[in-house]
Amino acid sequence: MSWQQLHLQCPKSAVELAEALFDEAGAVSILLEDAGDEPLFEPMPGEEPLWRDVVVTAIFDTNSDDSWAGTHFENLAAKIASEVNATRFWLTSLDDKDWTREWMSYYQPIQCAGNLWIVPEWLPAPDPAAINLILDPGLAFGTGYHATTRLCLDWLAAQELKDKLVIDYGCGSGILGVAALLLGARQVLAVDIDPQAVLATRQNAALNGVDDRLLAFLPAEFDAHRTQNPQLADVITANILAKPLIGFAPLFHDLLKTGGLIVLAGLTQNQTQAVIDAYSPYVTLDTPFCYADAQDCHWQRLSGIKSTNP
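What counts and how
Residues numbered from 1 in each chain as written. Predicted model: local features only at pLDDT ≥ 70, side-chain atom pairs only at ≥ 80, totals over all residues. Heavy atoms only, no water. UniProt positions renumbered as here; feature names shortened; annotations may be inferred. Pairing = 2+ DSSP bridges. Helix = DSSP H or I, 4+ residues; strand = E, 2+ residues; numbered from the N terminus. Contact = heavy atoms within 4.5 Å. Axes fitted to C-alpha atoms, helices over the stretch in contact; angles between N-to-C directions. Phe/Tyr/Trp six-rings, centres within 6.5 Å; stacked < 30°, edge-to-face > 60°. Buried < 20%, exposed > 50% of the residue type's maximum accessible area, 1.4 Å probe, protein only.

Named according to an unreviewed UniProt entry, the chain is Ribosomal protein L11 methyltransferase originating from Moraxella catarrhalis. Under the heading Sequence similarities (unreviewed entry), UniProt records this for the chain: "Belongs to the methyltransferase superfamily. PrmA family."

Here's what the structure looks like:
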């Protein structure tokens, strides 16, 4: 046994103290989890939302210190639980594993609409004759398992993308941009604020042999590229969050050709109208939006929205 975990349940007002006490006691990692089933939605700028009731888990390395055996660790757990008024506490052990590869066991190939498959890099393609997108998400969002990603992939697979320029804003792992290229797009410009996402996108483009047609940028780099190459997109995909989508409405209008298609995803049902209102002066007729609530995730088609770009 290599690791000991101490778990306690406390109100969010006590979380900061619990973290400090665990850190002082020598925890190598601290994890916060929802103690019930309370959804947290997208925060306002500067907010750090937390559940009303939280499970705080501290992990301790017991490989090199025998003093953590037996009652010593139980006494520590009871002491910290008392100081933060925890409603309960318990101990568990954690077996040592190759954590850099453990997560791989949870992924399997996914068939999307049409003949498109998402295949983890370390697994064989179920259908070698299909359009197989080889993926290693690394540290970026976008494995194909999330409902909004799947819906965007299904939508892309149903489009005529031949010779089209696609902009993927908030590219994550690059899954949407690489898929667009495998489905016939001429070029993809991928943008993300996370350097790890830009790196993952470039690596996944290379895995699929489309790196010569995909350019991945941080936002400032993308702005510089636009200045030198002022071309309009045929398709924009943005699977991110409601607030940045609302803020990007003027930018996406400037990037999109008249008659072009824009796919916005990552919304909850109660955020949809605010996004519609933000885009109503700009984007093309019959624009797909995607929203998700606790039970469902699907496309909602909108109309009465017109573009003005030449």
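1. Topic: the sheet that holds strand E5 (residues 110-111)
If you walk across this open sheet you meet the three strands as E5-E6-E7, and the pairing is mixed. The open sheet terminates on both sides in strands that have one partner only, identified here as E5 and strand E7 (131-135). Two strands pair when backbone bridges link them, and E5 and strand E6 (residues 116-120) are joined in this way by two bridges, in the antiparallel orientation. Among the inter-strand pairings, Gln 111 is bridged to a residue of E6, identified as Trp 117. Along the sheet face, helix H5 (residues 175-182) touches E6 and E7 and points at about 150 degrees away from the line of E7.

2. Things to note about the environment of Leu 214
As for its position among the elements, Leu 214 is in strand E10 (residues 214-217). Once the C-alpha coordinates of Leu 214 and Val 178 are considered, the two residues, 36 residues apart in sequence, prove to be 7.7 Å apart. For Leu 214, the contacting residues outside a window of four places in its chain are Gly 177, Val 178, Leu 181, Val 188, Ala 190, Thr 201 and Ala 205.

3. Considering the sheet that holds strand E2 (residues 29-34)
As summarised here, the arrangement of the four strands in space is E2-E3-E1-E4, forming an open sheet in which the pairing is antiparallel. Looking at the sheet topology across the chains shown, the edges are occupied by E2 and strand E4 (88-94). On average, each strand axis in the sheet is tilted by 20 degrees relative to the strand beside it, whichever way the strands run. Two elements, E2 and strand E3 (residues 53-61), share six bridges in a ladder whose sense is antiparallel. Each residue of the ladder has a partner; that of Ile 30, found in E3, is Ala 58. Packed on one face of the sheet, helix H1 (residues 15-25) meets strand E1 (3-11), E2 and E3 and runs near 5 degrees to E3. Against the sheet, helix H2 (residues 71-83) engages E1, E3 and E4, with an angle of about 20 degrees to E1.

4. A short note on the packing of aromatic side chains
Here the structure, examined in full by the defined rule, presents seven aromatic pairs. Relative to Tyr 279, the ring of Phe 252 lies with its centre 6.5 Å away and its plane at 40 degrees, an arrangement referred to as tilted. One end of the pair, Phe 252, is in helix H9 (residues 249-255); the other, Tyr 279, is in helix H10 (residues 272-279), with 27 residues separating them in the sequence. On the accessibility criterion, Phe 252 (0% relative accessible area) is buried. Members of the aromatic cluster, each reached through a chain of ring pairs, are Tyr 169, Phe 217, Phe 222, Phe 248, Phe 252 and Tyr 279.

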